[in-house]
Amino acid sequence: MPHQYLTLYAEPEAHTALSLVKGCTPWRWTITLPALDEPPEFVHRLAKRSERVLIILVINQTCTPITSANQTLINAIEQDYPLIARQGHLALYSLGEPTLLVVDRANTPLPAKTGVGLARKIAADIALRLITEGRIKSSWIYCTDADAQLPSDYFSLCEQSSAVAASLPFTHIGRAGKLLAATKLYEQAIRYYAQGLRFAGSGYGFLSLGSALAFKATAYAKVRGFNVREAGEDFYLLNKLAKLGTIFSPEYADSKGEGNVLPGISRIEISARLSNRTPFGTGASVTQMCQLPRLEGFHYYTPECFFMLKHWFDLTDRLTQNSLMAEFANLPEPLKDALAAQNVHSLAEHLARQGKYPQQIQTICHTWLDGFRTLKIIRHLQSHCFPAKPFMHTLTQQPFLTHTDISA
């Protein structure tokens, strides 16, 4: 499967990189990350790591000419670290024990409306190629961002897991003030959303954050890599990977993401900051929250949306090949309307054709109501029946969360 993906779907840089590293001793691990207008300090931080790791950095933008910040980053790398090899817009530098592979997609900009999705794909495609050819020993591709500080035991969190991907432990840090408060509140909101899905019974109740992501190389190839998009590429990749196997959450006591958050576990520390790099996600959401007169004005999904969703997953546990529509009739009306808007009848037809055994039925239902369709249902419930309410008030109710789940 990796060879087919690399032949048909990988970005050209994946092939160039193999000849670039010819003669280098294989690396134990790899870290991939994009950078758009980032200061050079993150490279100096990564250079302090003691492992033999290949850091694949895609410096990117979608406009011309090159931005001053991207040029400053390139200049700093060239001045501070010895060049090992260069081929086209790829260059290899020694950071000491780590090695830095720079892909310059700033002087050669990415196509419009691609951005971070394509940047992550380029980096991960390179990692896949080098893993497949034995140039990187670990079968895991680690994905992060320039504003993330990685713990010393970063590579120990999921190496022994049989999962297809991992949502790694993280927390946001920064100076006390409205920015950090807004960022921590948004972090609580996405944890609340993931826990709400787990409470309902969804297999997609995990956190999707490009700064804190890892995945198996073979699984990445099977789902044809990152979506090439301006934002949400981390969510869509995990959404595809979850259909192959388990998404591991090392911070929880249970490998499926259940139970309390484990005390003392190492976390990726992500800097709280305003950002317009992507049209939605953490940076965009926090920017909007900071414009509110008071953070008490931040509204989010109500618990009723997840209580409704739980009726569906309770139903799927007892389905037979042709029982869906009969069971469907007994669901609450708001949920029936939301499911109908997602064409639940197509699922019934699929089950009638293919769902002969309990395992097949569960797999078909899990694939149909994936993370993306679940989000659409939650939004339908919000817009038609359960309007968003002040999130701080919802937190005080803790309808399906423990304190450690939301304050990690």
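Preceding this paragraph is the structure being described.
Note that the coordinates shown come from a computational prediction; the quantities given were computed from them, not determined experimentally.

### Points about unusual backbone geometry
Residues other than glycine predominantly adopt negative phi, and peptide bonds predominantly adopt the trans conformation.
Reasoning step 1: Following Thr64, the chain continues into Pro65 via a peptide bond in cis, with omega recorded as -5 degrees.
Reasoning step 2: Mapped onto the elements of the fold, Pro65 is located in the loop between β2 (53–60) and α4 (68–80).
Reasoning step 3: One non-glycine residue, Lys113, lies in positive phi territory at about 65 degrees.

### A look at the pairing of strand β6 (residues 140–143)
The two faces of a sheet get side chains in turn, since along a regular strand they alternate between them.
Reasoning step 1: Taking every second residue as pointing to the same face, both faces of β6 are buried, with Trp140 and Tyr142 on one and Ile141 and Cys143 on the other.
Reasoning step 2: Alignment of strand β1 (residues 29–35) against β6, held across 2 bridges, turns out to be parallel. Bridge pairing in β6 links Ile31 to Tyr142.
Reasoning step 3: Relative to strand β10 (residues 213–216), β6 runs antiparallel, the two sharing 4 bridges. In the strand pairing of β10, Tyr142 is matched with Ala214.

### Examining the environment of Pro358
Reasoning step 1: With respect to the secondary-structure elements, Pro358 resides in helix α14 (residues 358–368).
Reasoning step 2: When its relative accessible area of 62% is taken as the criterion, Pro358 is described as exposed.
Reasoning step 3: Taking the C-alpha atoms as reference points, Pro358 and Leu180, 178 residues apart in sequence, are found 47 Å from one another.

### Remarks on helix α5 (residues 116–132)
Reasoning step 1: The first and last C-alpha atoms of α5 sit 24 Å apart over 17 residues, in line with the 24 Å expected at 1.5 Å per residue.
Reasoning step 2: The buried fraction of α5 amounts to 16 of the 17 residues, a majority that puts the element mostly inside the structure.
Reasoning step 3: Gly134, located one to two residues past α5, shows a positive phi value of around 80 degrees.

### Let's talk about the environment of Ile173
Reasoning step 1: Considering the arrangement of structural elements, one finds Ile173 in strand β9 (residues 170–173).
Reasoning step 2: Using a relative accessible area of 25% as the deciding quantity, one classes Ile173 as partly exposed.
Reasoning step 3: Taking C-alpha positions, Ile173 is 8.3 Å from Lys184, a pair spaced 11 residues apart along the chain.

### Considering the sheet that holds β9
Reasoning step 1: Ordered in space as β7-β12-β9, the 3 strands form an open sheet in which the pairing is mixed. Strand pairing shows two members of the sheet lacking a second neighbour, β7 (148–149) and β9, which therefore form its edges.
Reasoning step 2: Relative to strand β12 (residues 268–271), β9 runs parallel, the two being bridged by 4 bridges. By the bridge assignment for β12, Phe170 is matched with Ile268.

### Section: the packing of helix α13 (residues 344–354) against α14
Reasoning step 1: Following both chains from N to C, one finds α13 and α14 inclined at 155 degrees, their axes separated by 10 Å at the closest point. One finds that α13 runs roughly antiparallel with respect to α14. As for the relative orientation of α13 and α14, their crossing is right-handed in sense. Here Val344, Ser346, Leu347, His350, Leu351 and Gln354 of α13 come into contact with α14, specifically with Gln360, Ile361, Ile364, Cys365 and Trp368.
Reasoning step 2: Its residues assigned to classes, the contact of α13 with α14 shows 7 nonpolar, 4 polar and no charged.

Conventions used here
- Throughout this document, residue positions are counted from 1 along each chain, in the order its sequence is written.
- Given that the model is predicted, a residue must reach a pLDDT of at least 70 before its local features are reported, and side-chain atom pairs must reach 80 or more before they are shown or counted; all residues, however, enter totals for whole chains, interfaces and linings.
- Derived side-chain values reflect all non-hydrogen atoms in the structure, with water molecules and hydrogen atoms excluded from consideration.
- What counts as a helix is a DSSP run of H or I of at least four residues, what counts as a strand is a run of E of at least two, and both are numbered from the N terminus.
- Categorising residues by exposure relies on relative accessible area from a 1.4 Å probe, with only protein chains included: less than 20% of the type maximum marks a residue as buried, more than 50% marks it as exposed, and the intermediate range marks it as partly exposed.
- For two strands to be treated as a pair, DSSP must find no fewer than two bridges joining them.
- One less than the residue count of a helix, multiplied by 1.5 Å, gives the span that helix is expected to have.
- Axis angles are defined between N-to-C directions and span 0 to 180 degrees, where every axis is a line fitted to C-alpha atoms and, for a helix, only to the segment in contact.
- In these notes the angle categories are as follows: under 35 degrees is roughly parallel, over 145 is roughly antiparallel, 65 to 115 is roughly perpendicular, and the rest is oblique.
- If you view the pair so one helix is near and one far, a crossing is left-handed when the near helix is turned anticlockwise from the far one by less than a right angle, and right-handed when it is turned clockwise.
- Residues count as neighbours in contact if any of their non-hydrogen atoms are within 4.5 Å of one another.
- Residue polarity follows a fixed list, in which Ala, Val, Leu, Ile, Met, Phe, Trp, Tyr, Cys and Pro are nonpolar, Asp, Glu, Lys and Arg are charged, and the others, Gly among them, are polar.

Keep in mind that these numbers describe shape and distance, not what the molecule does.
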